[in-house]
Amino acid sequence: MDIDALSLNELKALRSKVDRAIVTYEERKKKEAYAELDEIARKMGYPLTEILTMVEAKPRKTVAAKYANPANPVETWTGRGRKPKWVEAALASGKSLEDLTI
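Everything quoted here is computed from the prediction, not taken from an experiment.

1. Re the pattern of salt bridges
Applying the stated criterion across every chain, the model contains three salt bridges. Notably, a salt bridge pairs arginine 42 with aspartate 38, separated by 2.9 Å at the nearest N-O pair. Residue arginine 42 and its partner aspartate 38 are both found in helix 1 (residues 8–43); the two are separated by four residues, about one turn of the helix. Judged by its relative accessible area of 15%, aspartate 38 falls in the buried class. For glutamate 39, the salt bridge identified is with lysine 43, shortest N-O distance 3.4 Å. Of the two residues, glutamate 39 and lysine 43 are both situated in helix 1; the distance of four residues between them amounts to about one turn of the helix. Owing to a relative accessible area of 46%, glutamate 39 belongs among the partly exposed residues under this scheme.

2. Quick look at the environment of methionine 1
If you trace the backbone, methionine 1 turns up in the segment before helix 1. Apart from residues no more than four positions distant in its own chain, methionine 1 is found in contact with Leu6 and Leu14.

3. So, the domain arrangement of the protein chain
The domain boundaries assigned to the protein chain delineate domain 1 (8–57) and domain 2 (67–100). Relative placement of domain 1 and domain 2: their C-alpha centres are 49 Å apart.

4. Side note on the confidence of the model for the protein chain
Taken as a whole, the protein chain shows an average pLDDT of 92; of its residues, 100% reach a score of 70 or greater. Of all helices and strands in the protein chain, the one with the weakest mean pLDDT is helix 2 (residues 48–52) (89), whereas helix 1 scores best (95).

5. What to know about the UniProt feature "domain: DNA-binding protein H-NS-like C-terminal" (unreviewed entry) in the protein chain
Taking the numbering used here, the UniProt-annotated feature "domain: DNA-binding protein H-NS-like C-terminal" (unreviewed entry) corresponds to residues 57–102. Annotated as 26% helix and 9% strand, the span residues 57–102 places its first and last C-alpha atoms 31 Å apart.

6. Regarding the nonpolar core
Membership of the largest hydrophobic core is limited to six residues, which are Tyr67, Trp77, Trp86, Val87, Ala90 and Leu100. It is helix 3 (residues 85–92) that contributes the most residues to this core, three residues altogether. Non-local contacts of valine 87, meaning those with residues more than four positions away in its chain, are made with Trp77, Leu97 and Leu100.

7. Notes on the side chain of asparagine 69
By the secondary structure assignment, asparagine 69 is in the loop between strand 1 (67–68) and strand 2 (76–77). For asparagine 69, a relative accessible area of 12% puts it in the buried group. In this structure the side chain of asparagine 69 is engaged in a polar contact, spanning 3.0 Å, whose partner is the backbone nitrogen of alanine 71. Here glutamate 75 takes part through its side chain, which lies 2.5 Å from a polar atom of the side chain of asparagine 69.

The rules behind these values
Residues numbered from 1 in each chain as written. Predicted model: local features only at pLDDT ≥ 70, side-chain atom pairs only at ≥ 80, totals over all residues. Heavy atoms only, no water. Salt bridge = Lys/Arg side-chain N within 4 Å of Asp/Glu carboxyl O. Helix = DSSP H or I, 4+ residues; strand = E, 2+ residues; numbered from the N terminus. Buried < 20%, exposed > 50% of the residue type's maximum accessible area, 1.4 Å probe, protein only. Contact = heavy atoms within 4.5 Å. Domains from an automatic or database assignment. pLDDT = per-residue confidence, 0-100. UniProt positions renumbered as here; feature names shortened; annotations may be inferred. Core = buried A, V, L, I, M, F, W, Y, C linked by side-chain atoms within 4.5 Å. Polar contact = N/O pair within 3.5 Å; in protein donor to acceptor, adjacent residues only side chain to side chain.

What follows is the structure, encoded as structure tokens:
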């Protein structure tokens, strides 16, 4: 195919066909991969959906608390994620995070 000989409309139509072919190719390959994995799982006596739900969650490492509520030392915060209300209240009252450090 001589692409240089095509008109603008023919090039746009060709691009549209290529884009559709790429999408259907990827979908077809995914379906083939799923079917192959499903066949292997069935040979071993398991449905693929059961095996896919077995993905192990990575164990999270516990992080030591960095801050404690001066009014209630049992309430602590690691410094990660959303600030607890007691931290927000302390900061609003003029304290700094250094004041809350354990």
